[in-house]
Amino acid sequence: MNTLKYLPAGALALSMLWPSISSAQAAPGTPAAAVDVFIGTGGDGHTFPGAARPFGMIQLSPDTQVRPFRQSYPWAAGYRYEDDSILGFSHTHFSGSGHSDLGDVLLMPYSGETKLEPGYPERPFSGYRSRFSHKDERAEPGYYAVKLLDNEVDVELTASERVGMHRYRYAAGAPAKVILDLRASIYDYKAKNLWSRLRVRDDRLITGMRETRGWAAGRQLYFAIAFSRPLTARSLRNMETDIEYKGFAGPGSGPEDKPFVEGKALVGALEFGVPADGKLLVKVAVSAVSEEGAIANLAEMPGWDFDAERAQAGAAWNEALGAVAIEAAAPMKTMVYTALYHSMLAPGLFMDRDGRYRGPDNEVHLADGFRFHSTFSLWDTYRALHPLLTLIQPERRNVDFVRSLIASQQASPYGILPVWQYHGLETWCMIGYHAVPVIADAYMKGMKGFDAEAALKAMTSSAEYGPYGGLRHYMKLGYVPIDLEPEAASKTVEYAFDDWTIARMAEKMGKRDVAARYYQRAQNYRNSFDTKTGFLRAKKSDGQFREPFDPVRSNFGSDYTEGSAWQYSWYAPHDNAGLIKMLGGDAGLQNKIDMMFDAKVDDNVYAHMEDISGLIGHYAHGNEPSHHVAYLYNFAGAPWKTQQRLTQVVASQYNITPQGLSGNDDLGQMSAWLAFTALGFYPVAPGSNEYVIGRPFLDKAVMNLPNGKTFTIRAQGMGTGNHYVAGVSLNGKPLAQTFLRHEQIMAGGELVFTMSAQPNKDWGKGAAARPYTQTAY
């Protein structure tokens, strides 16, 4: 694939070919200029290239295809780089999810014949969709631009937190027209739209809403659309057919007369005459609460200066990305800055300017003293994304996340913390109660501004809610039985880790009885580990392991969640000393991990599991259960092997093309793994306040910490073939330990790696140098 178009010279060529698009771009040398937002938009990355602010409520991006949900996996973000036509531009998207929804409020500018159906990608001019070329496409953090070839319109997009802004340029003398389609939805199906509404408030303002039964059933989204020019004509239609009961007709003889329309399949054709300058600007604000809330949110972007809004979006991204100043070879610099960018798209703000938001009970609540955020992909993001954000985002942002989780538990009809939440609503996707380690990690790192008592109550309420995921059996038996609950082996070990984080927080709070109870529960991971085979296995309620057993077997609803025994048998991040003993000692763990990486695996073994990707042997970097495994050699006294495996993983799983992510980015987790790993350390056990040292991939990185201090990481001798760490020093003193404490980083200072072509097999070998585990080595 030709990636030259992403370079400044390519941008210059584009501005010459397409002078109607602003030639301004992110200033050279800024962090935003190093980001390539197209990384991950092809293959299985599922990222989007459109405009958003850090942790914003709006993700304004092109959608290339909307298919029935059983065919929709490749289009989970709406856009796929391999496509050559655009359906339209919608305002809500997930970044890197493995399941999906959203794609709300789709707009498509055009100037020719009005067509109310989108048409087919393989049949140009069959509908309102339009072909495009990547040579006519540009994007950077907070900005996206494309030329619609069939519609003959140049499109530019930017965003504030709650408002998306479009700038359309039509051909000279051409009429400005826009399709507004409320039928379009990512992961679509016939009955997904439960209800929708369009209302013309005046000739420059349209409001509406849509309620869908998608990933989160009963999700309501309200919007307000403002135009820079007055409407000259409009047609609002409900395209439903076979309506059994239509009620009585209201005023207006046709769709051109109606200022208000309701139904399940709404589409509007809007006309604005022939602009003298060829331009039409559009602003779209969204709200979870009401149309009035969306109108009020429009005030966040009061003017019509697109370039100023774009500049503000770019400045917001440069500030966020400036948390780390990177020096590295150009490809690695782009990969890591793009990883940081993808790490700051979610969780997203989800409340109106007046503080109102919709919670998991689908009722309206008021955020008092914090900003409510949603889109918590917690099974993924507790591992590295949230720990990363404690280092690169202000404490207030992280506290907002914690308070949002606690508020969600307090409003939950089930009384538990979010599992996989977006737009305030629960999806029940994935397993575990992984909001718990997010809260515990923040508390253990000394973050203030949230009620620790309320937090602990929310955590224990989630861990003791029997009807959820076999917890009643787990609390009784010490494991989840496979004959009573699917994916039992995975649930057992993930519950055990979450329990350990509760114990850690309770202990720090001085609640010894709670800590003791949960420390005991944290050892339940042992109950599903079979020392005879050396694998994690599912047990039945009679205490026997399920037979027959095949460590390669994987399937949805099997013994494991999106994985096999090969991927899940390493999951005891809080007690790797215990895991080592069950595998026969240091050599046992090292040899078994080597077997996993070095195995010759037929491509068909995991082909039926779309989430098991990025394979190196049985190691699956494209999915989260494998993410900590390369770092486990440190716990067995062989950090040089961690360095070796990290070199292998980074080289094979990340690159600077649209296919540059080997699996779903999962709301930033894949990217956070790379960001941490490039810096030279990784949080194997969030809540331990430790980061396990790997090897750096950057020549130099300066972390501008939230407390105002700086922590510098330098790699001496980072040349070709120097993949190993000969030695490490912290603030000028040799570092014997193979981990960093959170407090050591936050104190500021300098970490220096001396790189070598040969491994140092003595460094980190002794037990005293190894990272934390619950039980002794």
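Starting afresh in each chain, residues are numbered from 1 along the sequence in its written order. The model is predicted, so local features are restricted to residues of pLDDT at least 70 and side-chain atom pairs to those at 80 or more, both for listing and for counting; the totals for chains, interfaces and linings are taken over all residues. Derived side-chain values reflect all non-hydrogen atoms in the structure, with water molecules and hydrogen atoms excluded from consideration.

Novice: Describe the sheet that holds strand 25 (residues 420-422), naming the residues involved and giving the relevant values.
Specialist: One requirement defines pairing of two strands: DSSP has to find at least two bridges between them. Helix and strand labels come from DSSP, where a helix needs a run of H or I of at least four residues and a strand needs a run of E of at least two; each type is numbered from the N terminus. Strand order in this open sheet of three strands is 24-25-26, and the pairing throughout is antiparallel. Single-partner strands in this sheet number two, and they are strand 24 (376-377) and strand 26 (425-426). Where strand 24 and strand 25 come together, two bridges link them in antiparallel fashion. Among the inter-strand pairings, S377 is bridged to a residue of strand 25, identified as W420.

Novice: Requested: an account of unusual backbone geometry, with residues and values cited.
Specialist: The omega torsion of the bond from A346 to P347 falls at 0°, within 30 degrees of zero and hence cis. Of note, P347 is situated in the loop between helix 4 (330-342) and strand 20 (348-349). Here the bond from E547 into P548 is cis, since omega is -10°, no more than 30 degrees from zero. Here the phi dihedral of F125 falls at roughly 65°; this positive angle occurs in a residue that is not glycine. Throughout this description, buried means an accessible area under 20% of the type-specific maximum (1.4 Å probe, protein chains only), exposed means over 50%, and partly exposed covers the range between. Taking the relative accessible area as the measure of exposure, F125 reaches 49% and is therefore partly exposed. Even without a glycine there, the phi angle at D666 is positive, about 50°. Checked against the element boundaries, D666 lands in the loop between helix 16 (639-653) and helix 17 (669-679). Note on D666: relative accessible area 7%, which makes it buried.

Novice: Tell me about the pattern of salt bridges, residues and numbers included.
Specialist: Counted as salt bridges are all cases of a side-chain nitrogen of Lys or Arg within 4 Å of a carboxyl oxygen of Asp or Glu. Taken as a whole and assessed by the stated rule, the structure comprises 41 salt bridges. Here K445 ties to D441 by a salt bridge, and the two come within 2.9 Å at their closest N and O atoms. For K445, a relative accessible area of 14% puts it in the buried group. With a shortest N-O distance of 3.4 Å, R526 and D575 are connected by a salt bridge. Remark: D575 occurs in the loop between helix 13 (565-568) and helix 14 (576-582) and R526 occurs in the loop between helix 12 (512-522) and strand 27 (529-530); sequence separation between them is 49 residues. One network of salt bridges, with partners in common, ties together D101, D104, K192, R210 and R219.

Novice: So, the packing of helix 16 against helix 17: which residues are in play, and what are the values?
Specialist: Lines fitted to the C-alpha atoms define the axes, with helices restricted to the stretch that makes contact. Angles between their N-to-C directions range from 0 to 180 degrees. At a closest axis distance of 12 Å, the pairing of helix 16 and helix 17 adopts a crossing angle of 135°. Taken together, the axis directions place helix 16 and helix 17 in an arrangement best described as oblique. As helix 16 packs across helix 17, the resulting crossing turns out to be left-handed. For the pair helix 16 and helix 17, contact is made by L646, V649 and V650 and by W673, L674 and T677, respectively. All residues other than Ala, Val, Leu, Ile, Met, Phe, Trp, Tyr, Cys, Pro, Asp, Glu, Lys and Arg, Gly among them, are scored as polar; the first ten of these are nonpolar and the last four charged. Its residues assigned to classes, the contact of helix 16 with helix 17 shows five nonpolar, one polar and no charged. Note on terminology: angles under 35 degrees are roughly parallel, angles over 145 are roughly antiparallel, angles of 65 to 115 are roughly perpendicular, and the others are oblique. A clockwise turn of the near helix away from the far one marks a right-handed crossing, whereas an anticlockwise turn of less than a right angle marks a left-handed crossing. The contact criterion used throughout is that any non-hydrogen atoms of two residues lie within 4.5 Å.

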